[in-house]
Amino acid sequence: MSAADTTTPAKVPPPRPAPPPPSAPRRPRAKAVSAGAGTPWLLLAPCLLILVLVMGYPLVRLVTLSFQKFGQSQLWGFQPAESVGFDNFTKVLSDSEFWSVVLRTIVFAAGCVIFTMVLGMLIALLLQRVSGWVKTLINIALVASWGMPIIVATTVFKWLFDADYGILNAVLSRLPGVDMIGHNWFASGPQGLAVIMLLVIWGAVPFVVITLSAGLTQVPKELEEAARLDGASAWGVFRYVTLPILKPIIVMLTTLSVIWDMGVFPQVFVMRNGHPEAEFQLLTTYSYDRAFVVNDYGQGSAIALITVLLLLGVVAVYMRQMLKIGEVE
C-alpha cells in the first residue's frame, strides 16, 4: 500500500449560496411625483402671468376689433361696436393696395435680412483674423451702434441724406463727373426705401456679428486644419466645415431678422415725418394709417392680425428647421 492510498483526502468546502436578488426599488408616491412635475410650472407662473397681462389682453382685443365695425363713434361711446364677421378681412384682402404693401414689405424684409446676414458673416470672419486690440475697437463700435436709440439713429440718417445739407451728397459730388448737390433721396419710393433699408441693416448688423463671432469660437480648429490638408480651399473650409456647425445659429438669426424687419415701424414713420407716402407704406405703417388716420380701427386690426399670422408662419418654419437639426444631432 502506497503512501498516497493511506492519506486522507482534504475536504472541499461546500459552495456558498448565491446572494438573493436585490429587491425592486420602491416606487415613489404618486403625490411626490405630481409635486415634482408641478414645480416647473410654479416657477414659470410669474413669467406666464406677466405675458398674459402684457400680451394676452392686447392680442384678444386685436382679434375682437378685427371682427367689428369700430370707428370714432364707437371709440367715443356714441354708438356700440357692431359685429361684421369677416367683412373687414374681405375688404382688406380684396384691396389691390394691400397686396402692393405686402409685396413691398416682403421685398424690403428680404433685402434687409440678406444684406444683414451676409455683411454680419463677413465682419465676424474678419474679426477672427485681426489682432486683439483691433477686435476690441470693432466690438466697441458695434456695441455703440447697436445701443443707439432708433430715433437718434434715424435722425442721424436724415441728416446724412438731406437734400440741402446732407454730407453724403457733398462727398459724392467730389467724385469726377458726379453732381449730387440738391439730390432728394426720398423723391422716389425705391431710393427712399433703400435709405431706410440701409438704416435697418446698420442697426441689425452688430447683433449678428457678435452672435456669429461667439459661434465661430466653437468651430474646432482641428477640422479646419484637416480640411486644408485634404486640399480644401478657404471657401471649401467655410462651406463644408464652418457653415454646418453654424447652421443652428444662422437659422435662429435669420428667423429673428425676418420677424424684426417685417415689423419695422419707427424708421419709416420718423424718416417720413410721421406721414409715410403710399410708396413708402409697409404693413406696420399701413395698419397704423388705417386705424389712426382713416379712423377705421376694424380694418387696421384686421391688417395687424394678418401680419401676425404671416409672422407665425415664419416662426413655424423656424421651429421645423430647429427640430430637424435636433434630430440630426
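Residues numbered from 1 in each chain as written. Predicted model: local features only at pLDDT ≥ 70, side-chain atom pairs only at ≥ 80, totals over all residues. Heavy atoms only, no water.

### Concerning the overall build of the chain
Here comes step 1: Secondary structure summary: the chain contains 14 helices and two strands in total.
Here comes step 2: Relative to its full complement of 329 residues, the chain shows a buried share of 32%.
Here comes step 3: Sequence separation of 24 or more characterises 64% of the internal contacts of the chain that already satisfy a separation of 6 or more.
Here comes step 4: On the chain, roughly 21,500 Å² of surface is accessible, and the fraction owed to carbon and sulfur atoms is 69%. (Helix = DSSP H or I, 4+ residues; strand = E, 2+ residues; numbered from the N terminus. Buried < 20%, exposed > 50% of the residue type's maximum accessible area, 1.4 Å probe, protein only. Contact = heavy atoms within 4.5 Å. Areas by Shrake-Rupley, 256 points an atom, 1.4 Å probe, with all protein chains shown as cover.)

### Observations regarding unusual backbone geometry
Here comes step 1: One non-glycine residue with positive phi stands out, namely asparagine 273, at about 60°.
Here comes step 2: One can find asparagine 273 in the loop between helix H12 (266-271) and helix H13 (283-293).
Here comes step 3: Overall, asparagine 273 belongs to the exposed group, its relative accessible area being 54%.

### Re a nonpolar patch on the surface
Here comes step 1: Residues Trp41, Leu44, Leu48, Leu49, Ile50, Leu51, Leu53, Val54 and Met55 make up a contiguous nonpolar surface patch of roughly 960 Å² in combined accessible area.
Here comes step 2: Mapped onto the fold, leucine 44 is located in helix H2 (residues 30-66).
Here comes step 3: Residue classification places leucine 44 among the partly exposed positions, given a relative accessible area of 42%. (Patch = residues over 30% accessible without salt bridge, like charges linked within 9 Å, V, L, I, M, F, W, Y side chains within 5 Å. Salt bridge = Lys/Arg side-chain N within 4 Å of Asp/Glu carboxyl O.)

### Some thoughts on the side chain of aspartate 261
Here comes step 1: In this fold, aspartate 261 is placed in helix H11 (residues 234-262).
Here comes step 2: For aspartate 261, which is buried and forms no salt bridge, the nearest opposite charge comes from arginine 104, at a distance of 16 Å.
Here comes step 3: If sequence neighbours within four positions are ignored, aspartate 261 has contacts with Phe108, Ala109, Cys112, Val113 and Val200. (Lys, Arg positive; Asp, Glu negative; His and termini not counted.)

### Overview of the confidence of the model for the chain
Here comes step 1: Summary statistics for the chain give a mean pLDDT of 84 and a share of 88% for residues scoring 70 or more.
Here comes step 2: Looking over the chain, one finds the lowest element-wise mean pLDDT in helix H1 (residues 3-6), namely 47, and the highest in helix H5 (residues 96-127), namely 94.
Here comes step 3: Below a pLDDT of 50 lies the segment residues 1-10, which in the model reaches one contact outside its immediate sequence neighbourhood of four places, other chains included. (pLDDT = per-residue confidence, 0-100.)

### Overview of the nonpolar core
Here comes step 1: The biggest cluster of nonpolar side chains holds 31 residues, and the ones touching the most others in it are Phe98, Leu212 and Leu283.
Here comes step 2: Mapped onto this core, the elements with two or more residues apiece are helix H4 (87-93), H5, helix H9 (189-216), H11, H13 and helix H14 (297-328).
Here comes step 3: In this view, leucine 283 contacts Phe98, Val101, Val102, Thr105, Met262, Ile303, Thr307 and Leu310; residues no more than four positions away in its chain are not counted.
Here comes step 4: Grouped together as the second largest cluster of nonpolar side chains are 24 residues, Leu142, Phe186, Val205 and Met271 included. (Core = buried A, V, L, I, M, F, W, Y, C linked by side-chain atoms within 4.5 Å.)

### Quick notes on the pattern of salt bridges
Here comes step 1: A full pass over the atoms with the stated rule returns four salt bridges.
Here comes step 2: Here glutamate 224 makes a salt bridge to arginine 228, at a shortest N to O gap of 3.9 Å. Of the two residues, glutamate 224 and arginine 228 both sit in helix H10 (residues 221-229), four residues apart, roughly one turn of that helix.
Here comes step 3: Given the relative accessible area of 12%, glutamate 224 is considered buried.

### Observations regarding the packing of H5 against H11
Here comes step 1: Contact pair H5 / H11: the axes reach a minimum separation of 10 Å and the direction vectors enclose 140°. In this view, H5 runs oblique relative to H11, as classed from their interaxial angle. For the element pair H5 and H11, the recorded crossing hand is right-handed. Between H5, through Thr105, Phe108, Ala109, Cys112, Val113, Met117, Met121 and Leu125, and H11, the contact on the second element is made entirely by Phe238, Leu246, Ile250, Leu253, Thr254, Ser257, Val258, Asp261 and Met262. (Axes fitted to C-alpha atoms, helices over the stretch in contact; angles between N-to-C directions. Parallel < 35°, antiparallel > 145°, perpendicular 65-115°, else oblique. Left-handed = near helix turned anticlockwise from the far one by under 90°.)

### Details of the packing of H5 against H13
Here comes step 1: H13 packs onto H5 with a crossing angle of 145° between their chain directions and a minimal axis gap of 9 Å. Contacts between H5 and H13 involve Glu97, Phe98, Val101, Val102 and Thr105 from the former and Leu283, Tyr286 and Arg290 from the latter.
Here comes step 2: In terms of residue class, the contact of H5 with H13 is made up of five nonpolar, one polar and two charged. (Nonpolar A, V, L, I, M, F, W, Y, C, P; charged D, E, K, R; others polar.)

### What to know about the packing of aromatic side chains
Here comes step 1: Tallying each qualifying case throughout the model produces 17 aromatic pairs.
Here comes step 2: Ring centres of phenylalanine 157 and phenylalanine 161 lie 6.1 Å apart, and the angle between their planes is 20°; on these two criteria the pair is classed as stacked. The two residues phenylalanine 157 and phenylalanine 161 agree in class, both being buried.
Here comes step 3: Considering the side-chain rings of phenylalanine 161 and tryptophan 185, the 5.5 Å spacing of their centres and the 85° angle between planes classify their relative orientation as edge-to-face. (Phe/Tyr/Trp six-rings, centres within 6.5 Å; stacked < 30°, edge-to-face > 60°.)

### A few points about helix H7 (residues 150-160)
Here comes step 1: Three or more residues of H7 are buried, namely Ala153, Thr154 and Phe157. Buried residues in H7, looked at end-on, bunch into an arc of 100°, giving them a common side.
Here comes step 2: For H7, the elements touching its buried residues are H9 and H12. (Arc of directions from axis to C-beta.)

### Some points on the environment of proline 80
Here comes step 1: When you line up the elements, proline 80 lands in the loop between helix H3 (72-75) and strand E2 (82-83).
Here comes step 2: Here proline 80 falls in the exposed class, since its relative accessible area comes to 69%.
Here comes step 3: Placed 11 residues apart in sequence, proline 80 and lysine 69 show a C-alpha to C-alpha distance of 9.2 Å.

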